[in-house]
Amino acid sequence: IFSWYIKKGAKVASNNISIDPVAAFRLWYRCGMKLCSLQDLLEKKIAEDESKAYSTLSVTLEDFIRIITQIVGEEELSFMAGGAMVGIRLPGTSLQVLRNDSAFEVGDIVELVDSYERFGDASSGPLQPGDRGKVVEIQQGQRGEQHSIRVIHNGRRWGYHPQALLSERSGLIDSPAVWFIRKLLRLHGFDHTNLQPIWGKPVTTTSWQIGDLVVPQKTQSARRQSKRENNEES
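Presented here is an overview of the structure given in this document. (Residues numbered from 1 in each chain as written. Predicted model: local features only at pLDDT ≥ 70, side-chain atom pairs only at ≥ 80, totals over all residues. Heavy atoms only, no water.)

Turning next to the overall build of the chain. The helix and strand tally for the chain stands at five helices and nine strands. Written out in order from the N terminus, the α and β elements of the chain read β-α-α-β-α-β-β-β-β-β-β-β-α-α. Burial analysis of the chain (234 residues in total) assigns 31% to the buried set. Nonlocal contacts in the chain, meaning residues at least 24 apart in sequence, comprise 55% of its contacts between residues at least 6 apart. If you sum the accessible surface of the chain, you get close to 15600 Å²; carbon and sulfur atoms cover 52% of it. (Helix = DSSP H or I, 4+ residues; strand = E, 2+ residues; numbered from the N terminus. Buried < 20%, exposed > 50% of the residue type's maximum accessible area, 1.4 Å probe, protein only. Contact = heavy atoms within 4.5 Å. Areas by Shrake-Rupley, 256 points an atom, 1.4 Å probe, with all protein chains shown as cover.)

So, in structure tokens, the structure goes:
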């Protein structure tokens, strides 16, 4: 993935792969990483050698791996510090979670459960399977139970039934670190389960994800028609 951002025609030593700051900002943005971490890295390089101009700086593969390792480590520590809820999966059923009144807290990162459509109007909310939103408000029922969990995602807020959601703290969904690596791979066209590229392959009922870029596959007759039109234009 890192090599994709190397400037075309640039001479790169096999033991010193690097990219320029502009390409590095593209890489950071595509991976969903905080740009301030890259800015801090570049400023540190300038501090180490004040004779270097900003345009002459480079970000190495080792720099990228070190930042990734740091992010993963911080996410795992945060995840472990958050505690966990108890959950079970009964044979032949969808995911079930044993909750109590403190199941969700403001600030929790949540996902939809497998059968979220069964709970209220969850299917009309901003979350889609695999998306992660943040809890911004918890509405209590008359008996003090959690009646509605208000979640924000992509600027939209929605009240979800508690049974439609799972929190990262449950331990039943991927940890933030695993989710981050999966997202990074998917954004660059790789299947996280086998690390094989998915670009150019036909879309199947299980291979697609929300956010994927796809193009319609032309039939053989359509390809012949397009070829004839191109020949006529030339």
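On to the pairing of strand S5 (residues 109-112). The pairing of S5 with strand S6 (residues 133-140) spans two bridges and is classified as antiparallel. The residue of S6 that forms the bridge with Ile109 is Lys134. For S5 and strand S9 (residues 165-167), the ladder comprises three bridges, and the chain directions are antiparallel. Each bridged residue has a counterpart across the sheet, and for Val110 the counterpart in S9 is Ser167. (Pairing = 2+ DSSP bridges.)

Glancing now at the sheet that holds strand S7 (residues 146-153). The antiparallel open sheet is built from five strands, whose spatial order is S8-S7-S6-S5-S9. Pairing within the sheet leaves two strands with one partner each, and these edge strands are strand S8 (156-160) and S9. Across the sheet, the axes of successive neighbouring strands diverge by a mean angle of 45°, strand direction being ignored. As paired strands, S6 and S7 are joined by six bridges and run antiparallel to one another. Looking across to S7, one finds that Lys134 is bridged to Ile152. (Axes fitted to C-alpha atoms, helices over the stretch in contact; angles between N-to-C directions.)

In summary, soluble globular proteins display a tendency toward joint burial of nonpolar side chains. Ile19, Leu27, Trp28, Met33, Leu38, Val59 and Phe64 are the most contacted members of the largest nonpolar core, which totals 20 residues. Of all the elements in the fold, those that place two or more residues in this core are helix H1 (21-31), helix H2 (35-48), helix H3 (61-81) and helix H4 (176-187). No other element matches the five residues that H1 contributes to this core. For Leu27, the residues in contact, after removing those within four places along its chain, are Ile1, Phe2, Tyr5, Ile19, Phe64 and His188. (Core = buried A, V, L, I, M, F, W, Y, C linked by side-chain atoms within 4.5 Å.)

By the definition in use, this model includes four salt bridges. Two residues, Lys45 and Asp63, come together in a salt bridge whose shortest N-O distance is 3.0 Å. Of the two residues, Lys45 sits in helix H2 while Asp63 sits in helix H3, which places them 18 residues apart along the sequence. Assessed through its relative accessible area of 19%, Lys45 is described here as buried. Given a relative accessible area of 5%, Asp63 falls into the buried group. Between Arg150 and Glu137 there is a salt bridge; the shortest N-O distance is 3.6 Å. Of this pair, Arg150 sits in strand S7 while Glu137 sits in strand S6, and the two are 13 residues apart along the sequence. Residue classification places Arg150 among the partly exposed positions, given a relative accessible area of 25%. (Salt bridge = Lys/Arg side-chain N within 4 Å of Asp/Glu carboxyl O.)

Turning to the side chain of His153, a few remarks are in order. Inspection of the secondary structure assignment puts His153 in strand S7. Here His153 falls in the buried class, since its relative accessible area comes to 13%. At 3.2 Å, the side chain of His153 and the backbone oxygen of Arg132 are in polar contact. (Polar contact = N/O pair within 3.5 Å; in protein donor to acceptor, adjacent residues only side chain to side chain.)

Across its 14 residues, H2 extends 20 Å between first and last C-alpha, which sits within 8% of the 20 Å expected from 1.5 Å per residue. Considered for burial, the residues of H2 that qualify are Ser37, Leu38, Leu41, Leu42 and Lys45. Projected down its long axis, H2 carries its buried residues within an arc of 135°, all on one side. Residues Lys44 and Ala47 are exposed on H2 and point more than 90 degrees away from its buried face. (Expected span 1.5 Å × (residues − 1). Arc of directions from axis to C-beta.)

This next bit is on H1. Here H1 has its buried residues at Pro21, Ala23, Ala24, Leu27, Trp28 and Cys31. The buried side chains of H1 occupy one side of the element, clustering within an arc of 155° when seen end-on. In H1, the exposed positions angled more than 90 degrees off the buried face are occupied by Val22 and Tyr29. Gly32 lies just past H1 and shows a positive phi near 75°.

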